[in-house]
Amino acid sequence: MFFVDTLEFEGLGNRSYLVGGARAAVAVDPPRDVDQVIAAAAKRGVRIAYVAETHVHNDYITGGLELARITGASYLVPAAAHVSFARTPVADGDTVTVDEGLVLRALATPGHTPHHTSYVLEEDGRGAAAFTGGSLLIGTVGRPDLVEPRLTEELARAQHASAHRLADELDDEVPVLPTHGFGSFCSSSQAEGDATTIGRERTANDALTLDVDTFVAEMLAGLDDVPAYYAHMGPANAAGPAPVDLTPPRRADAGEIAARLAAGEWVVDLRSRTAFAEGHVAGSFNFEGDGKLATYLAWLIPWGKPVTLLADTPERIADAQRELARVGIDRPAAAATGDPAAWIREGERLASFPRARFADLAEVRRRGEEVVVLDVRRDSERAAGHVEGAVHVPVHELYGRLDEVPSGTVWVHCAGGMRAAIAASLLDAAGRAVVAVDDGFDAAREAGLTVTRP
């Protein structure tokens, strides 16, 4: 008998796994904060004998090197991956014995990266689970464009071949356990569901139902934007990440918050978009702690710029610090919690801006008022329809393109409200009059606004 424990990281759209038997286990694609993996192993009463990477990750900092150091586990890394630390190189067909009757077999599945390797857990000689990393995902595959533009088509074709190899070698009932594909930007497209098998993928995955030319053409046409921080993840993982420090950051008072803002540093308010709109430190930015914090903050912030975190509670700061460490934002410069009134100096006032719905925007337009409508969704979302006359600047580009937003009161929207809140905070900090549309985009047409295609 074997077990598989899944560690989910919703903010990044990824999963890691701990799999093993009665005495020993292997950790697959572990996160930077390895204490979670160690706790899972302790709960099972097993020793972590191996740590396995499917590839050098582009979307988060791995905890594999540190986990192997702490536990004494063998660190399995694809042999063709160029790394600067000692590891156990694995090639296609290599096996290790995890526990009695449990063998982990390496299966070369290039495509997401040239060196990508999946791992098949075999119980008494039969495939029992496939850890597919960024290869075969749920209803899709990992994107092939994160390594080198000139390799993208070649890697897309390799993804098709790798998916077929997995399907050819494994039985229908074998669970497919990918690292990416739960909202991760490493996925070439987003699919429904959170569990699958080889048999299900045979009938539902384009990589297994389309011929290679059609598959490649459709996948390349559908690739979306790449978060800017991805450029820093691969090199950090190849060099060998330093251990993470999750001790609480130093406490900032109102004077220090003001000084950091004056110095051009980022002060990030983790509270809900509703609370932020009602009252916040002027010049601060709103990235909700329970949204895709790591993805969007790491995407927008100039890399290496100090960040100070503001939140209701110390627990929210700790959660954010943990999530940000996963993408290489290791130590907040400072933090403050509690009542926002304590975050400003005596004599100052909290800033605010209104929130609205698409019905409110429709009413404003019916009255003939001149307002700027700013759409901060990605290109692929806008292509499916946009509010007539809306200016388009994706949220991840807005910080560097604020001067392109026309003068006037800006009604900013996205698909649901979270990114609009980020954008509204950027505009507010720049001194613009802004209204944050906190509504689902489907409500735009229902409100009577004209929705057109580019």
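Bear in mind the structure is a predicted one, so any value in this text is a computation, not a measurement. (Residues numbered from 1 in each chain as written. Predicted model: local features only at pLDDT ≥ 70, side-chain atom pairs only at ≥ 80, totals over all residues. Heavy atoms only, no water.)

### Remarks on the overall build of the protein chain
A count of helical and extended segments in the protein chain gives 16 helices and 22 strands. Considering only C-alpha atoms, the protein chain reaches an extent of 70 × 50 × 35 Å along its principal axes. Buried residues in the protein chain amount to 55% of all 454 residues. A sequence separation of at least 24 residues applies to 68% of the contacts in the protein chain between residues at least 6 apart. Per element, the accessible surface of the protein chain, about 18,400 Å² overall, is 49% carbon and sulfur. (Helix = DSSP H or I, 4+ residues; strand = E, 2+ residues; numbered from the N terminus. Buried < 20%, exposed > 50% of the residue type's maximum accessible area, 1.4 Å probe, protein only. Contact = heavy atoms within 4.5 Å. Areas by Shrake-Rupley, 256 points an atom, 1.4 Å probe, with all protein chains shown as cover.)

### A word on the environment of Ala52
Relative to the helices and strands, Ala52 is located in strand 4 (residues 47-52). Judged by its relative accessible area of 0%, Ala52 falls in the buried class. Leave out the neighbours within four places in its chain, and Ala52 touches Val26, Ala27, Val28, Asp29, Pro30, Leu76, Leu104 and Tyr119.

### Overview of the sheet that holds strand 16 (residues 355-356)
Paired through backbone hydrogen bonds, the strands of a sheet run either parallel or antiparallel to each other. Read from one edge to the other, the open sheet built from five strands follows the order 16-21-20-17-19, with strand pairing classed as parallel. In the strand order of this sheet, the two ends are held by strand 16 and strand 19 (391-392), each with one partner. Pairing of strand 16 with strand 21 (residues 434-437), which is carried by two bridges, proceeds in the parallel orientation. Bridging across to strand 21, Ala356 finds its partner in Val437. Sitting on the sheet, helix 12 (residues 358-366) is in contact with strand 16, strand 17 (372-375), strand 20 (410-413) and strand 21, with an inclination near 145° to strand 20. (Pairing = 2+ DSSP bridges. Axes fitted to C-alpha atoms, helices over the stretch in contact; angles between N-to-C directions.)

### Some words on the pattern of salt bridges
By the definition in use, this model includes 39 salt bridges. Across the pair Arg250 and Glu256 runs a salt bridge whose closest N-O atoms are separated by 2.4 Å. Residue Arg250 is classed as partly exposed on the basis of its relative accessible area, which comes to 47%. Residue Glu256 is classed as buried on the basis of its relative accessible area of 16%. For Arg273, the salt bridge identified is with Glu288, shortest N-O distance 2.8 Å. With a gap of 15 residues between them, Arg273 in helix 9 (residues 273-278) and Glu288 in the loop between strand 13 (285-286) and helix 10 (293-300) connect regions that are remote in the sequence. (Salt bridge = Lys/Arg side-chain N within 4 Å of Asp/Glu carboxyl O.)

### Comments concerning the side chain of Glu288
Of the residues examined, Glu288 reaches a relative accessible area of 11% and is grouped as buried. Among residues more than four places away in sequence, those in contact with Glu288 are Leu270, Arg271, Ser272, Arg273, Leu293 and Met418.

### Details of helix 3 (residues 152-169)
Taking 1.5 Å of rise per residue, 18 residues should cover 26 Å, and helix 3 covers 26 Å from first to last C-alpha, within 8% of that figure. All of the buried residues along helix 3 are Thr152, Leu155, Ala156, Ala158, Gln159, His160, Ser162, Ala163, Leu166 and Ala167. Its buried side turned inward, helix 3 meets strand 8 (102-108), strand 9 (117-123), strand 10 (126-133), helix 4 (198-204), helix 5 (206-209) and helix 6 (212-222). (Expected span 1.5 Å × (residues − 1).)

### Considerations on the packing of aromatic side chains
For the structure on display, the rule yields eleven aromatic pairs. Every member of this aromatic cluster is reached through a ring pair, and the members are Trp266, Phe285, Phe287 and Tyr399. Above the face of the Phe182 ring, Arg15 is positioned so that its terminal group lies 3.9 Å from the ring centre. A cation over a ring is seen here: Arg377 above Phe441, with NZ or CZ 4.0 Å from the ring centre. (Phe/Tyr/Trp six-rings, centres within 6.5 Å; stacked < 30°, edge-to-face > 60°. Lys NZ or Arg CZ within 6 Å of the ring centre and 35° of its normal.)

### Describing the sheet that holds strand 10
Pairing is mixed in the open sheet, where five strands are placed in the order 7-8-9-10-11. In this open sheet, the two strands that pair with only one neighbour each are strand 7 (95-99) and strand 11 (176-178). Taking the axes of each pair of neighbouring strands and ignoring which way they run, one obtains an average angle of 25° across the sheet. Across five bridges, strand 9 lies against strand 10 in antiparallel orientation.

It is worth stressing that arrangement in space is one thing and function is another; only the former is reported here.
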